[in-house]
Amino acid sequence: MMTLRTLSAALVAAIGLTNLAHAADPAYFTQTENLHMTRDDKGVLLVEMNTNGGPFKFTAKAHEAFVDAFYHISRDRDNKIVILTGKGGQWMGDIDFASFGDVSDPDVWSKVHDEGTQIVENIANIRVPMICAVEGKAWVHSEYCAMANVVVAGAGASFNDAPHFAGGIVPGDGIYTTWSYRMGPTRAEALLLDPTPFTAAQAKDYGLVSEVVANGQAVARARELASRYLSKPEVTRRDTRTYFMQPLKLALVQQTGYGLSLEGASAAALVKSMKAAKQ
């Protein structure tokens, strides 16, 4: 017959196991090789984009994986604040175009189209305050960053849209929608038609960046802000993010699919012109 002491010990052990199970990181933390995720005991999730632990080079494989990654982040209620950043002193500065294959093939582009719309929608569906911490280059997919409520940039950071008009394709994947929402359409159109890097200070003046800090301090400042936000009730935090994102979310839903269709057509035209030039 189990004694009171034995029963108490069993309960303590059971509670301990439950706590350990609750504290364990969810499986999605390690399912995306280009995203290193860590969460502190307050629920602040740090998402670090990387390639082999260093600066992140965007690839087709990452494009596919990010769909599920941001979906899981958005639906995990243990995430109380999300900080998105890059490892190795860069936010995102490079892209492997060749990894996407023949983008003039409609089957190839259909996959890119679906993933591209799903990524931005899943980031927009993150229902807790989101902070983007930028160091170095934010030259690729800075629309992910522009969907944060607050963007903190190191003084040496720079912003650009390297892959689109400069490369001969339409900036239709959400970059125009987010930039025009944050900076205004007149400035966004000028920057996207003449893509040259602009500084963190300029980005702050334009409205894309919330504050500029010393180099290497962007994540630390993001954590300070996260600590402030955590002092408010959880429902307040969640509903504030949801409310703030609603107009941008509507714009992304309305525009990104159409924009990516136009981008796909321009990509096909670019491939055609490159083939003709080789003949």
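You'll find the structure just up there.
Keep in mind that what you see is a predicted model, and the values were worked out from it rather than measured.

Participant: Got a sec to walk through the pattern of salt bridges? Specific residues and values, please.
Facilitator: With the rule as written, the count across this model stands at nine salt bridges. Its salt-bridge partner being aspartate 94, residue lysine 57 comes within 3.9 Å of it at the nearest N-O pair. Residue lysine 57 is located in strand 3 (residues 57-58), and its partner aspartate 94 is located in strand 5 (residues 94-95); the two are separated by 37 residues in the primary sequence. Taking relative accessible area as the criterion, lysine 57 reaches 36% and is therefore assigned partly exposed. Judged by its relative accessible area of 38%, aspartate 94 falls in the partly exposed class. The partner of lysine 111 in a salt bridge is glutamate 64, and the shortest N-O contact between them spans 3.3 Å. Here lysine 111 is found in helix 3 (residues 106-124), whereas its partner glutamate 64 is found in helix 2 (residues 60-75), with 47 residues between them in sequence. Judged by relative accessible area, glutamate 64 falls into the partly exposed class, the value being 44%. What emerges from the salt-bridge pattern is a single network uniting Glu64, Lys111 and Glu115.

Participant: Give a description of the sheet that holds strand 2 (residues 44-49) that names residues and reports values.
Facilitator: Read from one edge of the open sheet, six strands run 1-2-4-6-8-11, paired in mixed fashion. Sheet topology places strand 1 (35-39) and strand 11 (211-213) at the edges, where each strand pairs with a single neighbour. Strand-to-strand twist of the sheet, defined as the mean angle between neighbouring strand axes without regard to direction, takes the value 20°. Note that strand 4 (residues 81-86) and strand 6 (residues 130-134) share three bridges and pair parallel. Of the residues in strand 6, the one forming a bridge with valine 82 is methionine 130. The strands that helix 8 (residues 218-229) touches are strand 2, strand 4, strand 6, strand 8 (150-154) and strand 11; relative to strand 6, the one it contacts most, it runs at about 165°.

Participant: Can you break down the state of the cysteines residue by residue, with the values?
Facilitator: Applying the stated criterion to the full structure yields one disulfide. With a sulfur-sulfur separation of 2.1 Å, cysteine 132 is cross-linked through a disulfide to cysteine 145. A torsion of -115° about the S-S bond marks the disulfide between cysteine 132 and cysteine 145 as left-handed. Of the two residues, cysteine 132 is situated in strand 6 and cysteine 145 in helix 4 (residues 142-146); the sequence distance between them amounts to 13 residues.

Participant: Which residues make up a nonpolar patch on the surface, and what values do they have?
Facilitator: Taken together, the side chains of Val170, Tyr258 and Leu262 present a nonpolar region at the surface, about 280 Å² in accessible area. Assignment of secondary structure puts tyrosine 258 in helix 9 (residues 234-278). A relative accessible area of 58% places tyrosine 258 in the exposed class.

Participant: Go over the environment of leucine 225 with me, naming the residues and quoting the values.
Facilitator: Topologically, leucine 225 is positioned in helix 8. On the basis of relative accessible area, leucine 225 is assigned to the buried category, the value being 6%. Spatially, the C-alpha atoms of leucine 225 and histidine 113 are 35 Å apart, while their sequence positions differ by 112 residues. Discounting residues that sit within four places of it in the chain, leucine 225 has contacts with Ile131, Val150, Val152 and Glu211.

Participant: Please provide a residue-by-residue account of the sheet that holds strand 9 (residues 158-159), values included.
Facilitator: The strand order 7-9-10 describes an open sheet built from three strands, whose pairing is mixed. Each having just a single partner strand, strand 7 (137-138) and strand 10 (198-199) make up the two edges of the open sheet. As paired elements, strand 9 and strand 10 share two bridges and run antiparallel to each other. Its bridge partner being in strand 10, phenylalanine 159 is matched across the sheet by phenylalanine 198.

How each quantity is defined
- Residues numbered from 1 in each chain as written.
- Predicted model: local features only at pLDDT ≥ 70, side-chain atom pairs only at ≥ 80, totals over all residues.
- Heavy atoms only, no water.
- Salt bridge = Lys/Arg side-chain N within 4 Å of Asp/Glu carboxyl O.
- Helix = DSSP H or I, 4+ residues; strand = E, 2+ residues; numbered from the N terminus.
- Buried < 20%, exposed > 50% of the residue type's maximum accessible area, 1.4 Å probe, protein only.
- Pairing = 2+ DSSP bridges.
- Axes fitted to C-alpha atoms, helices over the stretch in contact; angles between N-to-C directions.
- Contact = heavy atoms within 4.5 Å.
- Disulfide = S-S within 2.5 Å.
- Patch = residues over 30% accessible without salt bridge, like charges linked within 9 Å, V, L, I, M, F, W, Y side chains within 5 Å.
- Areas by Shrake-Rupley, 256 points an atom, 1.4 Å probe, with all protein chains shown as cover.

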